Amino acid sequence: MPEPTPGPSQGRAAHGAGAALAALVLGVTACWGGSTGQGRELTVFAAASLTDVFEEIAVSFEEEHPEVEVTFNFAGSSQLAQQIGSGAPADVFAAADTEIMEQVVEGEGLAADWAAEHGEDGLVLVTNTLRIAVPAGNPAGIEELADLAGDDVTVALCAQEVPCGAASLTVLEAADLKVAPATLEEDVRAVLTKVELDEVDAGLVYATDVTSAEGRVEGLEFDEAEEAVNHYPIGVLAASGDPGLAAAWVEFVTTEGAPVLRKAGFGTP
Amino acid sequence: MSRRDRRVPRTRSGRMPWVLVLPALAGLLFLVSPFAGLLLRAPWPTMGRRITEPEVLAALWLSLSTATVATLVSLFLGVPLAWMLARTEFPGRRLARALVTIPLVIPPVVGGVALLLVLGRNGVVGQYLHSWFAITLPFTPTAVVIAQVFVAMPFLVISVEGALRGADRRYEEAAATLGASRVTIFTRVTLPMVLPGIGAGAVLCWARALGEFGATITFAGNFPGTTQTMPLAVYVAMQRDPEAAIVLSLVLLLVCLAVLAALRERWTNP
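Residues numbered from 1 in each chain as written. Chains lettered and ligands numbered in written order. Predicted model: local features only at pLDDT ≥ 70, side-chain atom pairs only at ≥ 80, totals over all residues.

**As for the sheet that holds strand β6 (residues 155-158) of chain A**
All names here are of chain A.
And step 1. Taken in spatial order, the 5 strands make up an open sheet running β7-β6-β8-β5-β9, and their pairing is mixed. Two strands close off the open sheet at either side, each with one partner strand: β7 (183-185) and β9 (217-220). Each strand of the sheet is rotated relative to its neighbour by a mean of 35 degrees, with strand direction disregarded.
And step 2. Relative to β7, β6 runs parallel, the two sharing 3 bridges. Bridge pairing links L157 to L184 in β7.
And step 3. Contacting β5 (130-135), β6, β7 and β8 (202-206), helix α6 (residues 163-174) runs over the sheet at an angle of about 120 degrees to β6. (Pairing = 2+ DSSP bridges. Helix = DSSP H or I, 4+ residues; strand = E, 2+ residues; numbered from the N terminus. Axes fitted to C-alpha atoms, helices over the stretch in contact; angles between N-to-C directions. Contact = placed C-beta atoms within 7 Å.)

Written out as structure tokens, the structure is:
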């Protein structure tokens with residue numbers, strides 16, 4: 001009986017397949033680099049709530065600086081701070097929380113020259129305040145913050161581990177309200193989605209989130225929101241490979257970008 | 001002398017084929033090293049106090065109980081489904097089989113979105129549950145189980161279907177010639193034959209349910225004691241207190257290892 005010996009041709013085929021596999025992996029990972037090898041790259045780590053505005057501002061920034069390609073990493077501020085702490089390559093960090101920026105300042109640090117000029121803990125770019133978000137048409141008839149404490153009102157809040165959750169807790173405590181939320185969502189967008197889908201009667205989100213979902217949710221202002229105004233610091237990181245370009249981006253965002261930020265519902269510091 | 005006689009000892013004494021051994025070792029290292037990292041970074045001095053915190057115990061209990069209920073539901077629905085796919089012929093059987101595997105390949109968060117749109121308070125089916133029976137599924141432990149069944153049951157179905165295809169059908173045919181009904185054949189002949197396959201499938205299903213994250217957080221939300229399972233607790237803790245996340249991860253790792261080791265012993269080596 002002929003035994004299944006791997007002939008030389010099969011061996012070559014196996015080697016060929018292995019080499020092809022390796023080449024494929026290398027090829028694909030090389031593509032991920034995204035670098036075209038020419039021009040300057042700017043990597044901006046920014047809080048998820050800045051996604052739409054920063055992308056819009058980047059378009060005009062790239063028009064003004066055609067050789068520059070702006071790459072974003074949008075996520076929760078604390079997640080981004082961890083990534084920066086673990087050595088992720090970033091030029092600019094824009095957080096939705098001053099404490100998180102302070103952590104980064106203490107850890108990796110900001111670019112010394114930039115910080116000396118604009119602030120050791122970064123520059124406060126914008127502010128954001130909480131709103132009560134209700135589904136379009138406000139089916140549960142929510143009018144004020146106290147209505148969230150109603151027995152048959154289903155409420156979604158952010159988990160207190162994330163900035164919007166801490167802010168929600170502050171305003172509820174300031175109003176001396178006991179709210180029993182149905183869910184503590186992992187970020188503010190998840191709260192917004194639950195409101196948008198009418199899965200909950202109300203949720204606490206930021207003014208900018210209400211603007212982003214205009215027509216699908218309604219936002220109600222309330223006085224206690226002043227107790228937890230959120231500041232968004234931005235800074236050029238010490239690890240930046242191109243601090244000049246990074247500073248230009250920050251400058252551009254604060255000047256040319258200001259109308260875009262205001263339109264999105266951000267407040268001025 | 002045949003070629004075989006000369007070849008066998010040479011193969012045995014041959015060098016380790018490094019083209020296989022090196023990637024194998026690298027693969028093993030890659031899979032194990034993250035857990036070593038967890039152990040190294042764990043806050044051992046405060047470990048005892050942290051793992052007995054009520055939030056941790058609540059999340060652990062919720063995870064274990066929902067994963068177990070999800071596995072029982074999957075057995076109840078999945079074994080008959082596997083039987084149907086393996087033992088019957090009906091138009092569209094191939095399509096049905098392909099559909100069953102969809103939850104295996106789509107990201108669980110997509111499953112969560114789909115479940116929310118169908119079973120949510122305002123969903124295609126959920127709005128009637130809400131208005132006719134006053135049942136609201138999101139934000140309840142039931143929603144956690146539903147999310148887990150959705151992502152975990154296909155593992156059970158595929159595993160049991162494979163066992164059924166591998167089983168010797170002549171025993172079933174013999175039982176049929178002796179006058180047994182199809183249900184009797186299934187319960188008395190088929191089931192006992194594929195029991196190890198069902199056990200292995202159930203273990204896989206349970207493990208997948210225990211690790212479920214995306215569909216759960218999307219469909220069931222996240223509230224301590226009600227819908228916050230261990231994976232959700234790890235994720236949320238990571239936002240503020242990475243040490244707490246490490247502790248939770250280690251607890252989950254330990255429980256998984258213990259349960260899987262115990263069940264493997266019992267089910268897959270009968």
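Still more ground to cover, so stick around.
**Focus on the domain arrangement of chain A**
Residue and element names in this part refer to chain A.
And step 1. Along its sequence, chain A is organised into domain 1 (40-127 + 231-263) and domain 2 (130-228).
And step 2. A C-alpha centroid distance of 28 Å is found between domain 1 and domain 2.
And step 3. The interface of domain 1 with domain 2 comprises 7 residues on the first partner and 8 residues on the second.
And step 4. Here the residues of the side of domain 1 that touches domain 2 are counted per class, giving 2 nonpolar, 3 polar and 2 charged. (Domains from an automatic or database assignment. Nonpolar A, V, L, I, M, F, W, Y, C, P; charged D, E, K, R; others polar.)

**Here's the deal with the sheet that holds strand β10 (residues 230-236) of chain A**
All names here are of chain A.
And step 1. Spatially, the 5 strands line up as an open sheet ordered β2-β1-β3-β10-β4, and their pairing is mixed. Lying at the two open borders of the sheet, with one neighbouring strand each, are β2 (68-75) and β4 (123-128). Looking at each pair of strands side by side, their axes are set apart by 20 degrees on average, direction ignored.
And step 2. In the sheet, strand β3 (residues 92-94) pairs with β10 via 3 bridges, with the strands oriented antiparallel. When the bridges of β10 are listed, F93 appears paired with G235.

**Comments concerning the pairing of β9(A)**
Residue and element names in this part refer to chain A.
And step 1. Across the two faces of β9 the burial differs, with V217 and G219 buried and E218 and L220 not buried at all.
And step 2. Bridge count for β5 against β9 is 4 bridges, and the pairing is antiparallel. In the sheet register, A133 faces β9, and the bridge partner there is G219. (Buried ≥ 20, exposed ≤ 12 C-beta atoms within 10 Å, placed from the backbone.)

**Some words on the environment of F45(A)**
And step 1. Along the chain, the position of F45(A) falls in strand β1 (residues 40-47).
And step 2. Taking the C-alpha atoms as reference points, F45(A) and E55(A), separated by 10 residues in sequence, lie 12 Å from one another.

**Section: the confidence of the model for chain A**
And step 1. Mean pLDDT over chain A works out to 87, with 91% of the residues at or above the 70 mark.
And step 2. Note that residues 1-7 of chain A has pLDDT below 50 and, in this model, 2 contacts with residues that lie over four places away or in other chains. (pLDDT = per-residue confidence, 0-100.)

**Let's talk about the packing of helix α9 (residues 170-177) of chain B against helix α10 (residues 182-211) of chain B**
Residues and elements named next belong to chain B.
And step 1. The contact between α9 and α10 brings their axes to 10 Å, and the two run at 165 degrees. The angle between α9 and α10 places the two elements in the roughly antiparallel class. Both α9 and α10 take part in a crossing whose hand is right-handed. Contacts from Y171, E172, A175 and A176 of α9 reach α10 at I185, V189, T190 and M193.
And step 2. Split into classes, the residues belonging to the contact of α9 with α10 amount to 6 nonpolar, 1 polar and 1 charged. (Parallel < 35°, antiparallel > 145°, perpendicular 65-115°, else oblique. Left-handed = near helix turned anticlockwise from the far one by under 90°.)

**Regarding the interface of chain B and chain A**
And step 1. Tallying the contact residues gives 17 residues for chain B and 16 residues for chain A.
And step 2. Each residue belonging to the side of chain B that touches chain A can be placed in one class, and the counts come to 8 nonpolar, 6 polar and 3 charged.

**Quick word on unusual backbone geometry**
Comment: phi is negative for the bulk of residues other than glycine, and the bulk of peptide bonds are trans.
And step 1. One non-glycine residue with positive phi stands out, namely D198(A), at about 60 degrees.
And step 2. By secondary structure assignment, the location of D198(A) is in the loop between α7 (188-196) and β8.
And step 3. Given 21 C-beta atoms within a 10 Å radius, D198(A) is considered buried.
And step 4. Residue A134(B) is not a glycine yet carries a positive backbone phi of 55 degrees.

**Some words on the confidence of the model for chain B**
Residue and element names in this part refer to chain B.
And step 1. For chain B, the mean per-residue pLDDT works out to 88, and 92% of the residues sit at or above 70.
And step 2. Considering each helix and strand of chain B separately, the mean pLDDT is smallest for helix α1 (residues 3-13), with a value of 49, and largest for helix α8 (residues 141-166), with 95.
And step 3. Between residues 1-10, whose pLDDT stays under 50, and residues either more than four places distant or in other chains, the model counts 2 contacts.
And step 4. Scored as a complex, the prediction yields pTM 0.75 and ipTM 0.71.

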